[in-house]
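# Commentary on secondary and tertiary structure
Chain residues, written in single-letter form:
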Amino acid sequence: MGALKSVNWTIVLLVMLIGMIGVAILYSAAGGSWGPWAQNHGIRFGAGLIIMLTLVFVNIAWVYRVAPFLYIAMLCMILLVEFIGLTGSGAQRWLGVGSLRIQPSELMKITIVLFLAWYFHRLSHEEVGRIRYLIVPLIAIALPTFLVLRQPDLGTATVLFLGGGALFFLAGVRIWKFVLAGAGMVGAVFVVWQFHILAPYQENRIRTFLDPDTDPLGSGYHITQSKIALGSGGLTGKGYIQGTQSNLNFLPEKHTDFVLSVMAEEFGMLGMLTVMTLYFLLIFMAFVVATGTRATFARLIASGVGVTLFIYFFVNLAMVMSLVPVVGIPLPMISYGGTAMLTAMLGIGLVLNMYRNRGVWLSRTGAAE
Amino acid sequence: MYADEFTQESVFSRRAVMLLGAQGLLTAGLVGRLYYLQILERDRYQLLADQNRLNVHLIPPTRGRIFDRNGEPIAVNRQSYRALIIPEQSKYIVATLEKLAQHVTLPDDVLDRIAEQRRRTRQSFVPIEVVSNLSWIEVSRIEVNALNLPGVIIDAGQRRIYPAKESTAHVIGYVGGVDSTQIKQNKLFALPGFKVGKSGVEEQLDDVLRGSGGTSRVEVNSAGRIIKEVNRRPAEPGVNVWSSLDNNLSHFIYEKLKRHRRASAVVMNVHSGEVLAMVSVPSYDPNQFASGIDEATWKKLTTDPDHPLTNKAITGQYPPGSTFKIAVLAAALEEGISPKTEIVCRGAINYSDRRYHCWKRGGHGRIDATGAIRESCDVWFYRIGEQLGINKIAEYAKRFGLGTKPDIPLPNVKPGLIPTKDWKRANYDEIWYNGETLISAIGQGYCLATPLQLAMMTARIASDGMAIKPSLFRSNKTTVPSSPLFQPFFPSLGLSTAALRVIQQGMWEVVNTPKGTAFGAQSWHEEWKFAGKTGTSQVRSISEEERREGVLSNKDIAWARRDHAVFVGYAPYHDPQYAVSVLIEHSAEGSGGAARFARDVFDYIRTDVHPQILKSTGETAAAPPAEDGAPTMAFLATSSVS
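Residues numbered from 1 in each chain as written. Chains lettered and ligands numbered in written order. Predicted model: local features only at pLDDT ≥ 70, side-chain atom pairs only at ≥ 80, totals over all residues. Heavy atoms only, no water.

As a further point, take the overall build of chain A. Regarding its fold elements, chain A presents 14 helices and 3 strands. For chain A, whose C-alpha radius of gyration is 21 Å, the value lies close to the compact-globule estimate of 21 Å for 369 residues. On the principal axes, the C-alpha backbone points of chain A span a range of 60 × 60 × 40 Å. Residues counted as buried form 54% of the 369 residues belonging to chain A. The contacts of chain A with a sequence gap of at least 6 include a subset with a gap of at least 24, amounting to 72%. When the accessible surface of chain A is totalled, it reaches about 15,100 Å², and 70% of it is carbon and sulfur. The distance from the centre of the 22 positive side-chain charges to the centre of the 14 negative ones in chain A is 12 Å. (Helix = DSSP H or I, 4+ residues; strand = E, 2+ residues; numbered from the N terminus. Rg over C-alpha atoms; globule rule 2.2 N^0.38 Å. Buried < 20%, exposed > 50% of the residue type's maximum accessible area, 1.4 Å probe, protein only. Contact = heavy atoms within 4.5 Å. Areas by Shrake-Rupley, 256 points an atom, 1.4 Å probe, with all protein chains shown as cover. Lys, Arg positive; Asp, Glu negative; His and termini not counted. Charge placed at Lys NZ, Arg CZ, Asp CG, Glu CD.)

Spelled out as structure tokens, the structure:
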């Protein structure tokens, strides 16, 4: 099998289209200028593309072996953020390395997929059905989720929690356990809320956390302006670099979380459907790759990356469309922001790697065959 | 291969499909939401987006100008310039202002004002006023040094100018800043520096003169900075008003009256009611208000005991004195008393235990109606008044416009007072004593009239009994009764011609016969002989006002005890055109002086006013010179401004 043929070019093409759309929107968000975002975004995207394509040719057995260590390393970095992290947007999320700012919680989204895939690969179907085998992965999800919530970063915590949960589901954890866990969580929330176990100020904090609309000049303003941008875009939009909401700065965070509002304003519903189709196809392809692989590890990684991308995609869009509270989830490869892009492209690199190694069988100890 | 791997694979495939399906459903939900926002709700959000980005700015209209009857300016607008500073374009505001101070004088509080403004708005692109009312030379000095004055800009506005100054101040009034209580009445009022009429015609016709504001829709960014103008609806300038006043005549009268401490005069056309001049002294310069009056000047104007801000021609109520005898005589003749009725005047009469004096100690002897007017015999009018009764006198006085508020668009127009029995009961809760009728019959006692009302009464006599009303607006109809185009302006009062002739004859004899009380004042121009009636109003009733004003010095008391001199008259006698009333408070020269004043006014009219009127009357009057696309000149006909 030649090196070129072993790459899934459909996925690469989708990624490139999405990245180019990202550059184009950021160019417009700056009022038709390469600075300050579009150029950087393009460079980062190019770097990400190289990393992604390099990842394709890494030995899968090696990936399998380093997966748990990567998880531990990333957990340590999140802990490090706790102590020496940089603060921005009211939360402590970043680690500064020279001029680089890295958000470890973002990278954790992929690392946790790696770890859970590694863990579940070692279990038989019987074992997956036993509760005691679920203790380690539950802790593996809970630890980073808890740390990220403390930053506070509800969005990333949600992605981690939902992503982990999806991996449990894909790994074959029995469905009744999900039902039970769901019921348990609802019950717990009910008890905590109903019997005022939390202090009043904590309850208030949660309330504003969940419903930022109560603060019309804060997050409420964001969401209102985003809806105006979307709605006024109509079917075909106002035209490239013609968005008034974006160019007159009514739209907040127009280069990061609300980058799709710019898209929706200038290209209308047709533009939005194009981006959504591309993104959904990418997610779909990850699942297609997953079902075509022999090793459980490969299957769980490809589908896990797909689910993670979908959570990004869904939460970001739902946020922009004012269906969920503003929780600060970017849309990787389109939103400006290096770590989220790197996370997504590392994940896609892994998917491509799994595609290349779709015929490889891995023993439960990690020996390739 | 492990034994259970097939199970694992099939479980995975099933769950992958389930998950993908769920994701598809959620995505479909997003598409639905998108459809709702972008297709169904599109118009609403389009509107909201426009409201976000578009700001409407008001453009102030140009205030309508006021011209005199010959098209000379009375109130016009002149470009005025002010210097503003844009904070964001001037790094070091204080340094820039120091440099600016080398070229123009800056107000002392400029730094405080800028600091205050900076506190109020964080938008550093909003200009702040530094200094206003710059001269053209100052403007050019700033423009030349523009490079050294970063952020300083010149803004051109308009400023009201009153070229006629004091002589028309009381009629035209002035403009000033909007009261804080009125700001909500009109969007324009909230504009910084917007001026509204504060007095006179400027106040009464403010709605007409103001015009309506234009709008400029501008696109702004979220910080409020203007990006570009989207569209503009120009302001509609206010209507220009063509007043009936004659600037030159007003000036002439003002210069003559100025010699007196307090006085006022009115000149009216006896057919159209057009007021050609209405002057009150002391006066003030309305330009002081237009450029922002300082506190000291304002205080001086408002506390001056001679009330320079008051228009005495319409607000001053004085006992009409003997000029009232015109109305009493009209009542007598209309009520069937013969003009031949002769009464012997011995200088005084006794009436119910009191003695009523004639002004002439020795008496007038035997005298008839015409003579009683000519010589102003008080006894004749005591007797006639006694016969008529106060209610009849009041009835005719009101026909001449006395005792009711004249219909003229000016503020603080006073009605005067003509007493009746009912009036006294209502106001004093006392019956009317017949002795009071006698006093009223010579225009003293309770009787009060304004100089405008006296001019109206005179015009009504001169026009052979037409119900002349005063107008401040130029008429475009002819005022010359001999012209074939002449049409009466007002209905008749219903007085008999015989009675009017007797009164007119009496008034003629006042000025033109040796026994007349104003004989010395007669005119020697045959065509411009005038008729009139002198009057003296006793200060007793007025002095109440004096007392309220506090202690007067000895010199003032001497002045304050003098009677007011009144004269009303009309000319030319054989073709009446103009009525004059003049009232000089505490005049040293008496009513003869007032009559001579009237003669000088008629003389001036003969040489400088009447020829103009003859030239323009009857033809479609030429509009005053239009500048900068001024709107159509409005003729405010007498009837439309009531």
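A few words on the interface of chain A and chain B. The interface is formed by 60 residues belonging to chain A together with 38 residues belonging to chain B. Summed over both partners, the interface of chain A with chain B comes to about 4,300 Å²; 69% of that surface belongs to carbon and sulfur atoms. Connecting chain A to chain B are 2 salt bridges. Notably, a salt bridge pairs R299 of chain A with E9 of chain B, separated by 3.9 Å at the nearest N-O pair. Summed over the shared surface of chain A and chain B, the result is 12 residue pairs in polar contact (both at pLDDT 80 or more). Listing elements by their share of the side of chain A that touches chain B, those giving two or more residues are helix 5 (125–128), helix 7 (154–171), helix 8 (175–194), helix 10 (219–233), helix 11 (244–247), helix 12 (259–291) and helix 13 (296–320) of chain A. At 12 residues, the largest contribution of residues to the side of chain A that touches chain B is made by helix 12 of chain A. (Buried area = accessible area lost by both parts, 1.4 Å probe. Salt bridge = Lys/Arg side-chain N within 4 Å of Asp/Glu carboxyl O. Polar contact = N/O pair within 3.5 Å; in protein donor to acceptor, adjacent residues only side chain to side chain.)

A few words now on the packing of aromatic side chains. Counted according to the given criterion, the structure contains 31 aromatic pairs over all chains. Their ring planes at 75 degrees and their centres at 5.7 Å tell us that F169 of chain A and F178 of chain A sit as a pair that is edge-to-face. When the ring of F289 of chain B is compared with that of W298 of chain B, the centres are 6.0 Å apart and the planes differ by 85 degrees; the resulting orientation is edge-to-face. F289 of chain B gets classed as buried once you look at its relative accessible area, which sits at 7%. The class of W298 of chain B is partly exposed, set by a relative accessible area of 37%. Grouped by ring-pair contacts, the aromatic residues Y279, F310, F313 and F314 of chain A constitute a single cluster. One cation-aromatic arrangement involves R44 of chain A over Y336 of chain A; the distance from NZ or CZ to the ring centre is 4.8 Å. Across the ring face of F12 of chain B, the terminal group of R299 of chain A is positioned such that the distance to the ring centre comes to 5.5 Å. (Phe/Tyr/Trp six-rings, centres within 6.5 Å; stacked < 30°, edge-to-face > 60°. Lys NZ or Arg CZ within 6 Å of the ring centre and 35° of its normal.)

As a further point, take the sheet that holds strand 19 (residues 578–584) of chain B. Residues and elements named next belong to chain B. Spatial strand order, 12-11-19-18-17: 5 strands in an open sheet with antiparallel pairing. The sheet is open, and its two edges are formed by strand 12 (275–281) and strand 17 (531–537), each paired on a single side. The sheet shows a mean angle of 5 degrees between the axes of neighbouring strands, direction not considered. Bridge analysis of strand 11 (residues 263–269) against strand 19 gives 7 bridges, and the strand direction is antiparallel. What sits directly across from M268, in strand 19, is A579. In this fold helix 20 (residues 497–512) packs onto strand 17 and strand 18 (564–571), with an angle of close to 75 degrees to the strand it touches most, strand 17. Strands in contact with helix 23 (residues 590–616) are strand 11, strand 12, strand 17, strand 18 and strand 19; relative to strand 18, the strand with the most contacts, it is inclined by about 35 degrees. (Pairing = 2+ DSSP bridges. Axes fitted to C-alpha atoms, helices over the stretch in contact; angles between N-to-C directions.)

Worth remembering: the numbers are spatial, not functional.
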